[in-house]
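# Descriptive analysis of the structure
As a plain string of letters, each chain reads:
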Amino acid sequence: MNTKTELQGKANRHLWMQAKGWADMTAAGEPMIIESANGISVTDIEGNTWLDVNGGYSSVNIGYGRKDMADIVKNQMLQLSYYPEQTTTFPNALLAEKLAEITPGTLSRVWPVSGGSEANEIAIRMARAYHVRRGDKGRYKIISRYGSYHGATSGVAWLGRPASLGLDQYEPGPLGMIYASQPNPYSCSFGGKSPSECAILCAQDIENLIIQNDPDTIAAIIGEPITSSLGAVVPGEQYWLIVREICDRYGILLIDDEVVCGFGRTGKMFGIEHFGVTPDIMTLAKGLGSSYVPIGAVIATTQIADAFAGKENIFYAALTAGGHPVSTASALANINIIEQEGLVEASAVKGRYFINRLNNLAVKHPIVGDVRGMGLLVAIELDSKFTIDDKELGDWLVNTFKDNGLLLRTLGSRVIQMSPPLCITEAEIDIIVDALDSTLTKLSSYLSKV
Ligand SMILES: Cc1ncc(COP(=O)(O)O)c(C=O)c1O
């Protein structure tokens, strides 16, 4: 049997963990070794239990530890663990049909992949190839918004140029990356005084960039309906409508990254539904399978897919794990659970409760500059007048949350985003908000010492 210290030793000697350094972890007696999980709670090897406030990577939508999911995975493995080239399977066909049914508009053709980065890579290739197939050959540029995150692989890492990826080390990036501003009403780059003013100014920024960069060379615009990478940034309600209209006017495709926002996270099945817009291509992962097994998907409208129909017109982007039947079977079961247990509606209701409680916290703690979000994608941003922008503060917050029973990472030092499993109870939300309350009280005395 491996003890905690032995496992930490093995991890620190051989494992290359995400966003953590082995030297720091060795010095701090880390990493934490999680052994089991249920609902929104996780338990470590010594039996200590925490609330996993962000449910994995904002990905465990139905909650941890469901036996029905384990049964589906086991049965699928026993019946058909994989499949021969150029064939498909029951769960692949059924999942494709299900996604076509629940996504908006004419989104109807599904390309299964194994995660969100792959989904966005494929979506971009699909968008570029779509234009070429129609004889519109010069369109290769992609517009994303600064600070967005769309994945870690070599192409999509450049979308949004997120600070966390340290892209300076990988220059030169791909050609044709254009960056627009985030429609963040709390800190609008163009001085918009209301969500609506900010939405209009930021949509205008996109149109200006299109004009400056030769409209006929732009293939697509990609964005999350609500930007999770900057902490649940909700644009003013006109933003996506105007962006959709701009896309149509210039023949540019709209790629909707629903990797985080999808499957009930924001209180609707898909985040874009809050804005009454249908994208040309939608990318899915995380909540699609609730992280029981890896899965992602790209879904395109009939119009996009039709450009790839017919002889000698096939879209080549095969991925061995794309459409793995165990993944697609588990995604189907996951979507059934979301629907049967009313988790989309639960996300809307619990999200309102969460936001109300956070708003009360903001009244009590002037250090809270902004409370925002939709459904169970919520965030608070600390006011830069009172805080310092350094890693130490971020680490202090993470450690203080841990002392209060929460596993909760910050985005930089000032944004605290929460995206728990959609099965969270009000009592669990109370525990999180009470822990935030005591952390914010301690924060004032911490800041007076640094
Ligand atoms: C909005 C968004 N898109 C894409 C990705 C990439 O997904 P994956 O980590 O599954 O490759 C992420 C991951 O965090 C994400 O937040």
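These numbers come from a predicted model, not from an experiment. (Residues numbered from 1 in each chain as written. Predicted model: local features only at pLDDT ≥ 70, side-chain atom pairs only at ≥ 80, totals over all residues.)

The subject of this paragraph is the overall build of the protein. Within the protein one finds 13 helices and 14 strands. At 22 Å, the protein has a C-alpha radius of gyration in line with the 22 Å of a compact globule built from 450 residues. With the C-alpha coordinates of the protein rotated into their principal frame, the extents come out at 65 × 60 × 45 Å. For the protein, buried positions account for 46% of its 450 residues. Partitioning the intrachain contacts of the protein with sequence separation of at least 6 by distance along the chain shows that 73% fall at a separation of at least 24. (Helix = DSSP H or I, 4+ residues; strand = E, 2+ residues; numbered from the N terminus. Rg over C-alpha atoms; globule rule 2.2 N^0.38 Å. Buried ≥ 20, exposed ≤ 12 C-beta atoms within 10 Å, placed from the backbone. Contact = placed C-beta atoms within 7 Å.)

Structurally, the protein comprises domain 1 (32-62 + 342-449) and domain 2 (68-340). Summarising the inter-unit geometry, the C-alpha centres of domain 1 and domain 2 are found 27 Å apart. Counting from both sides, the interface comprises 28 residues of domain 1 and, opposite them, 25 residues of domain 2. Looking at the side of domain 1 that touches domain 2 residue by residue, the class counts come to 14 nonpolar, 11 polar and three charged. (Domains from an automatic or database assignment. Nonpolar A, V, L, I, M, F, W, Y, C, P; charged D, E, K, R; others polar.)

Another aspect to go through is helix H8 (residues 239-250). Compared with the 16 Å implied by 1.5 Å per residue over 12 residues, the 17 Å span of H8 between its first and last C-alpha is a close match. Gly251 sits one or two residues past H8 and shows a positive phi near 70°. (Expected span 1.5 Å × (residues − 1).)

Here we come to the environment of Asp205. With respect to the element layout, Asp205 can be found in helix H7 (residues 195-212). Taking the C-alpha atoms as reference points, Asp205 and Ala180, separated by 25 residues in sequence, lie 6.5 Å from one another. Leaving out residues up to four positions away in the same chain, Asp205 has contacts with Ala180, Ser181 and Phe190.

Moving on: the pairing of strand E9 (residues 281-284). Because side chains alternate across E9, one face comprises the buried residues Ile281 and Thr283, and the other comprises Met282 and Leu284, equally buried. Pairing geometry for strand E8 (residues 253-257) and E9, over three bridges, is parallel. Across the sheet, residue Asp256 finds its bridge partner in E9, namely Met282. Sheet topology note: the E9/strand E10 (residues 296-301) ladder contains four bridges and is antiparallel. Counted as the bridge partner of Thr283 is Val298 from E10. (Pairing = 2+ DSSP bridges.)

Next up on the list: the nonpolar core. Of all hydrophobic cores here, the largest spans 119 residues; its most connected members are Ala127, Ala220, Ile221, Leu253, Ile281, Ala297 and Val298. At eight residues, the largest contribution of residues to this core is made by helix H10 (residues 325-340). Domain assignment of the residues forming this core places at least three in each of domain 1 (32-62 + 342-449) and domain 2 (68-340). Those residues within four positions of Val298 in sequence are excluded, and the remaining contacts are Trp111, Val113, Ala119, Ile122, Ala123, Met126, Ile281 and Thr283. (Core = buried A, V, L, I, M, F, W, Y, C linked by C-beta atoms within 7 Å.)

Of note, the amide linkage connecting Glu30 to Pro31 takes the cis form, showing an omega dihedral of 5°. Mapped onto the fold, Pro31 is located in the loop between helix H2 (22-28) and strand E1 (34-38). Across the junction of Glu171 and Pro172, the peptide omega takes the value -5°, indicating a cis bond. Mapped onto the elements of the fold, Pro172 is located in the loop between strand E5 (141-145) and strand E6 (177-180). The residue Gln86 is not glycine, and still its phi comes out positive at about 60°. Looking at where Gln86 falls in the secondary structure, it is placed in the loop between helix H4 (67-79) and helix H5 (90-102).

So, about helix H6 (residues 116-133). Between the first and last C-alpha of H6 there are 25 Å, a value that for 18 residues agrees with the 26 Å anticipated at 1.5 Å per step. When you tally the buried positions in H6, you get 13 out of 18 residues, the bulk of the element. Two residues or fewer past H6, Gly135 is found with a positive phi of approximately 85°.

A separate point is the sheet that holds strand E14 (residues 415-418). The strands that make up a sheet are held in pairs by hydrogen bonds between backbone atoms, and each pair lies either parallel or antiparallel. Read from one edge of the open sheet, three strands run E11-E12-E14, paired in antiparallel fashion. Edge positions in the sheet fall to strand E11 (368-374) and E14, since each has one partner strand and no second. For this sheet, the mean angle separating the axes of adjacent strands, direction not counted, is 15°. With six bridges connecting them, E11 and strand E12 (residues 377-382) associate as antiparallel partners. Directly across from Asp370, in E12, lies its bridge partner Glu381. Lying on the sheet, helix H11 (residues 343-364) is in contact with E11 and E12; it crosses E11 at an angle near 175°. (Axes fitted to C-alpha atoms, helices over the stretch in contact; angles between N-to-C directions.)

Take the sheet that holds strand E2 (residues 41-44) next. As summarised here, the arrangement of the four strands in space is E1-E2-E3-E13, forming an open sheet in which the pairing is mixed. Looking at the sheet topology across the chains shown, the edges are occupied by E1 and strand E13 (406-407). Where E2 and strand E3 (residues 49-52) come together, three bridges link them in antiparallel fashion. Across the sheet, Ser41 pairs through a bridge with Leu51, a residue of E3.

Close contacts around the ligand come from 15 residues, with Gly115, Gly116, Ser117, Gly151 and Val259 the closest. Counting residues per element, the shell around the ligand draws most heavily on H6, which supplies three residues. Partitioned by chemical class, the residues of the shell around the ligand number five nonpolar, eight polar and two charged. (Near = placed C-beta within 6 Å.)

What follows deals with the environment of Ser117. The residue Ser117 is located in helix H6 in this model. Distance from Ser117 to Val259, taken between C-alpha atoms, is 9.1 Å for residues 142 residues apart in sequence. Not counting the four nearest positions on each side in its chain, Ser117 is found in contact with Gly151, Ala152, Thr153 and Val156.

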